[in-house]
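# Analysis of the macromolecular model
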Amino acid sequence: MGIKVQLRKTAIAAGVAQVAMLASGAAWAQQAGAEPGAPAAAVVTVTGQRAALNSAQKIKQQSDEIVDSIVAEDIGKLPDKSVTEVLQRVVGVTIDRMLAKGDDEHFSVEGSGVSIRGLNYVRSELNGRDSFSANGGRALNFEDVPPELMAGVDVYKSPSAEQIEGAVGGLVNLRTAMPFDFKGFKFGASLDTTYSELRKDRDTPSGSVLVSHRWKTGLGEFGALIDVASSNSKVRTDGFQVDAYFPRDDVKPGSRVWVPKAAQWRTMTYDRERDGIYGALQWKLNNELKSSLTYFKSKYKIHWDENAVFASAEPYRVKPSADTMYDANGVMLVGTLETPNSTGINFGNDTRSADRESSTTDLAWNAEWRPSQAWTLSADVQRIRARTAAFDSLIATGILVPKERLDLTRGVPHITFDDADRAFLVDPKNYFWDFTMEHRDASVANETAWRTDAKYTFDHPVLRDLRFGVRMTDRDSLNTNSNPSYNWAAVSEPWMLGSQIGQLASLGDPRFAGGASLRTFPNYFNGDAPAPPPMLFPDVALTTGYPGSYAKLHSYHEILCAEFGSTCQPWKPAEWGTNPAGINRQEEKTKALYTQLRFGWDDLPYPVDGNVGVRYVRTNMKAAGYVTFTPPANLVPPGYTVIGPAVPQIPAYAEARDYERSYGNVLPSLNLRMKVNDKLQLRLAFSKGISRPDFSQLQGYTSLSQSITASPDAATQQLVVSSNNLTGTASGNPYLKPVSSKQLDLTAEYYWSQVGSFTVALFNKDLKDIIIKQLSTFTVSDTSGNPQEFVVDSPVNGAKGRARGIELAYQQYFDQLSDKLPGWLSGFGVQANFTYVDSEKDLYNPVYQEYCSGGSTQSNLNMALNGCDTDGRTFGNLPLEGLSKRAANLAFMYDKGPWSARVAYAWRSKSLLTASGTRGGEALDTNPASPTFGQRNLNWSLPVWTDQYGQVDASLFYKINEHMTFGLEGTNLTDAIFRQVMQQHIGMKGRAWFASGPRYSAKLRVNF
């Protein structure tokens, strides 16, 4: 083509979209904004996947920055079912597959969080402007966005000064179509339906419609576009879970073995509705004056119901059967977990129902004026509003099961029962009402953004143009959570017997019967593992009947308390909107200035071009906060004398606080490109970036608490106190600074055809001010006026680190290798990429200790950051969370005549999900220097990793005629199992297994 294309991030909708839009079911016009006086761009006409890959390759090749793109091959036809699934195909990008951040127990079929080059500091944009979800974070939940509305997705890995700040890992820009992308009238529609093999159900048909037209009038040219999409998904996930392994010296004489305390199941049905509407108006008086107005709204609604069994038992009362088999390290493989000296393994049979509705609305206006050949001025105004609200309800029955048999030698656990136990599990008399738990949250976020940009184009052999501009934003965020956030409340628990109640609320008692039904689990794990036995679970009518159903269940507790003669506190719903602990209000204003110079030496033997610039941004934050302390009741029993340190009497304390913070950042950037020849080009990029803390991390609420370590002597009425514990937890820290990064990129890109390339990228990111948990002090005076210091753990900018690695990407159609390939064989192609990332994290103030014991708050922080095994030892050298060292994609493609097909495989290696995942108590103290050496008195918390995972998807489309295409798509065709592992000193042990099963779709597309 020989045309130097500018891909301005601030005008993606008017620039890049024109590069990448498909025309009338057969072609995309490849037209990008050229320099004044440059020859007209040629038109490349290709079809199907090849057209999309051609457009994406040109975006990458001609961009000023390092960018990878995926372009829709037709209207409403990105290559996957969701934006997150699309992103995982991009080299250097991986997706999380848990349902929500911080939730390590629920699998997401379509994927969730996005990481770029191993980092989750990702900025999201829509047509080059801010875009976000109202979840306390700063980025979009990409799974909320209808992919049918997208014309393409760009992933920027090296920023320039004119790009909006906030991306350390990278920037994801979602692009939509504009009316002037089409020559005249355009109509496109799609209709599809999907069948889930695991759920054995078909979803409601999904579809999208796009209509666009343009007109020439005496007032200039006008264009209008409307795009509507609606999709539904019905899926199911099944899961197994195994609890931590405990060291046992009481099972095999003279040797230590490791035995899990229990194993369990879960199954969840998930219904999702995703709707979107997008509209655009364009006007162009002439080449000097033009304007556009866009409206975008996405709505996301989910409902899921879950039946889960949570098995719990005192780990040292569980005894493995005599026929148990162990591996070479003494780890249990096959055996029966029995409880001969206990009441049984407590199965909490949970029914859980959750609903969430989210929306993001974006209204933007842009105007551009060229008063002369040299000057271009533009103005852009945007208003965005995001909302989300959720209610989560869980009710459990309980049953004390004598035993369960566990086989861990298979691909997934096999949990089985004998006939006596199966009969025991279906008898209502053995069940009791256990507990309830409700949660509610709602968030709203608003932003108004204004920017003005100017460009001066030089008539000079080296200087291309000078760009400068200003941007201002005003953003607010209000997140409200119920308090307690998850309001757990017991109905009847075995530990209440003898103190509050004399019997459990048995479902065999006519007073407490009803509300639970026998549940079976057909097609569990697609028949690849034994299904859970039939058991009684609460009815969904109870979980969705809040608060009336909760009040009725807790009235059983009051009945039992009255019978026993005790006084029990009545159930209280979680507080909503009145307690400062559940309210996080933030305000943020930014002012940014930038200048950027584009240049190029075309006459050198190896031409060099690029841009250099600097961006300065000032951020002003405000947060409303609260500090609270409620004295514990009966810390010292009445009539007891304290022996040892005096126990301070601290009055209740509550103080509202307002926090303000202001900081500035200077962000230089340099992007260079050298053209070795027409096919090979090299890039060098250096920049400094920032990623501001999430709003959830900036909450100014701190809760203080007091406890003592003491031994009461009832005979002497003495309380022997060994320590006073004044601690606290901060939900956030309003004084957090952004995470910053100095970034260096080197790339080599070789392009030998329209859809033929091989690229190599080396990158290094030096991170500063990574946010971790750390300790601080807060002082409150006691009743005597003496200051008392509380040790508070709170998020701080407490670490530095790095992420460095290499990316390799290759794509090729085989007919480009030889023009002698016979007939249909010439349609085959391949696309492959591989990413390797290595990371390191160094704490400014290390808290690593070899053992968990020590009796100090520092030990608790050590456990939170480094984990703690059930034998009292901690772990070290944990990487950054969410980072896979290796990730790869491989796709085989076919485009010939009316046929278009793809088989794609996406894989990533294991990654740290959380440093303190599954947790509990009664860990063995193995610290020789500890005064409690050999006792089972420690808390434990195991790092949880997502294991390596790969998934195969495929599609096959046939073009019936010029206007109509029919296709079939398959997702997770190999029925891959998603696995979590927990880190212990005996190795990585299986913690959870999730199956979602294959899904099959049929789609019809129409274009005119």
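Residues numbered from 1 in each chain as written. Predicted model: local features only at pLDDT ≥ 70, side-chain atom pairs only at ≥ 80, totals over all residues. Heavy atoms only, no water.

## What about the pairing of strand β14 (residues 245-252)?
The criterion, for reference: Any two strands with at least two DSSP-identified bridges between them are counted as paired. Working definition: helices are DSSP H or I runs of at least four residues, strands are E runs of at least two. Numbering for both runs from the N terminus.
Sheet topology note: the β14/strand β15 (residues 255-260) ladder contains five bridges and is antiparallel. Residue Phe-246 lies in a different strand from β15, and its bridge partner there is Val-259. The antiparallel pairing of β14 with β15 creates a hairpin that spans two residues between the two strands, and Gly-254 there sits at a positive phi of about 80 degrees.

## Some words on the pattern of salt bridges
Going by this rule: Each reported salt bridge corresponds to a side-chain nitrogen of Lys or Arg within 4 Å of a carboxyl oxygen of Asp or Glu. Summary of the burial criterion: residues with accessible area below 20% of their type's maximum are buried, those above 50% are exposed, and those between are partly exposed, where the area comes from a 1.4 Å probe applied to protein chains only.
Inspection of every chain in the model, using the stated rule, returns 64 salt bridges. Taking the shortest distance from any N to any O, the salt bridge between Asp-602 and Arg-464 comes out at 2.8 Å. Of this pair, Asp-602 sits in the loop between β30 (583-601) and β31 (608-629) while Arg-464 sits in strand β26 (residues 463-481); the two residues are 138 residues apart in sequence, bridging distant segments of the chain. When its relative accessible area of 38% is taken as the criterion, Asp-602 is described as partly exposed.

## Considerations on helix α6 (residues 548-564)
Along an α-helix, residues three or four apart share an orientation, since each turn contains 3.6 residues. How we decide: Each residue after the first adds 1.5 Å to the expected span of a helix. For this quantity, the arc is that covered by the directions from the helix axis to the C-beta atoms. Whether two residues are in contact is decided by their heavy atoms, any of which lying within 4.5 Å being enough.
Along its 17 residues, α6 runs 25 Å from first to last C-alpha, staying within 8% of the 24 Å computed at 1.5 Å per residue. Within α6, the full set of buried residues consists of Ser-549, Tyr-550, Leu-553, His-554, Tyr-556, His-557, Leu-560 and Cys-561. All buried residues of α6 fall inside an arc of 140 degrees around its axis, so they share one side. In α6, the exposed residues that point more than 90 degrees away from the buried face are Lys-552 and Ala-562. Next to the buried residues of α6 lie β22 (375-401), β25 (431-457), β27 (487-490) and α5 (540-543). With its phi angle positive at about 85 degrees, Gly-565 sits one or two positions after the end of α6.

## Points about unusual backbone geometry
The omega torsion across Asn-483 and Pro-484 is -5 degrees, close enough to zero to call that bond cis. Tracing the backbone through its elements, the reader meets Pro-484 in the loop between β26 and β27. The phi torsion at Asn-523 lies on the positive side, around 55 degrees, for a residue other than glycine. If you trace the backbone, Asn-523 turns up in the loop between β28 (516-519) and β29 (535-538).

## A short note on the side chain of Arg-214
Here is the rule: Polar contact criterion, stated in full: a pair of N or O atoms within 3.5 Å, where within protein one must be able to donate a hydrogen and the other to accept it, and residues adjacent in sequence count only if both atoms are side-chain atoms.
Along the chain, Arg-214 turns up in strand β12 (residues 206-217). Polar contacts involving the side chain of Arg-214 include one to the main-chain carbonyl oxygen of Phe-180, which spans 3.1 Å. Not counting the four nearest positions on each side in its chain, Arg-214 is found in contact with Pro-179, Phe-180, Phe-182, Lys-183, Gly-184, Glu-221, Phe-222 and Gly-223.

## Observations regarding helix α2 (residues 48-62)
The terminal C-alpha atoms of α2 lie 22 Å apart, and with 15 residues this matches the ideal 21 Å at 1.5 Å per residue to within 8%. The buried count for α2 comes to 14 of 15 residues, which makes it a mostly enclosed element.

## Observations regarding the state of the cysteines
Here is the rule: The definition used for a disulfide is geometric: two cysteine sulfur atoms within 2.5 Å.
The final tally for this structure, using the stated rule, is two disulfides. Disulfide pairing is shown between Cys-561 and Cys-568; the S-S distance is 1.8 Å. Disulfide Cys-561-Cys-568: the torsion about the S-S bond is -80 degrees, which places it as left-handed. We classify Cys-561 as buried; its relative accessible area is 2%. Disulfide pairing is shown between Cys-852 and Cys-868; the S-S distance is 1.8 Å. Looking along the S-S bond of the Cys-852-Cys-868 disulfide, the torsion reads about 115 degrees, which is the right-handed sense. With Cys-852 in the loop between β40 (828-843) and α7 (857-866) and Cys-868 in the loop between α7 and β41 (886-896), this residue pair connects regions lying 16 residues apart in the sequence. The residues Cys-852 and Cys-868 share a single accessibility class, namely buried.

## Notes on the sheet that holds strand β3 (residues 67-71)
Counted only if it meets this: What counts as an axis is a line fitted to C-alpha atoms, over the stretch in contact for a helix, and the angles between N-to-C directions run from 0 to 180 degrees.
The sheet built from five strands is open, its strands ordered β3-β8-β9-β6-β7 with mixed pairing. Edge positions in the sheet fall to β3 and β7 (129-130), since each has one partner strand and no second. With two bridges connecting them, strand β6 (residues 122-126) and β7 associate as antiparallel partners. If you follow Leu-126 over to β7, its bridge partner there is Arg-129. Along the sheet, α2 contacts β3, β8 (152-156) and β9 (170-175); its crossing angle with β3, the most-contacted strand, is approximately 160 degrees.

## Observations concerning the packing of aromatic side chains
Operational definition: Between rings of Phe, Tyr and Trp, where Trp is taken as its six-membered ring, a pair exists when centres lie within 6.5 Å; planes separated by under 30 degrees are stacked, by over 60 edge-to-face, and by other angles tilted.
The tally for this structure, following the rule as stated, stands at 32 aromatic pairs. Both rings, one in Trp-265 and one in Phe-417, keep their centres 6.0 Å apart while their planes meet at 40 degrees; by these two values the pair is tilted. Separated by 152 residues along the polypeptide, Trp-265 in strand β16 (residues 263-284) and Phe-417 in the loop between β24 (414-416) and α4 (419-425) bring together distant segments of the chain. Classification of Trp-265 as buried rests on a relative accessible area of 3%. On the basis of relative accessibility, which here comes to 12%, the residue Phe-417 falls in the buried class. Note on Tyr-278 and Phe-296: the rings are 6.4 Å apart at their centroids and 55 degrees apart in plane angle, and the pair reads as tilted.

## Structural notes on the nonpolar core
Put simply, the rule is: As used in this record, nonpolar core signifies buried Ala, Val, Leu, Ile, Met, Phe, Trp, Tyr and Cys residues forming a set joined through side-chain atoms within 4.5 Å.
In this structure, Phe-240, Tyr-245, Trp-265, Phe-347, Trp-433, Phe-525 and Met-535 are the most contacted members of the largest nonpolar core, which totals 72 residues. Ranked by the residues each element gives to this core, the list is headed by α6, at five residues. Counting 32 residues, the second largest nonpolar core, distinct from the first, contains Ile-70, Ile-116, Val-145 and Leu-174.

Function cannot be inferred from these measures alone, as they are strictly geometric.
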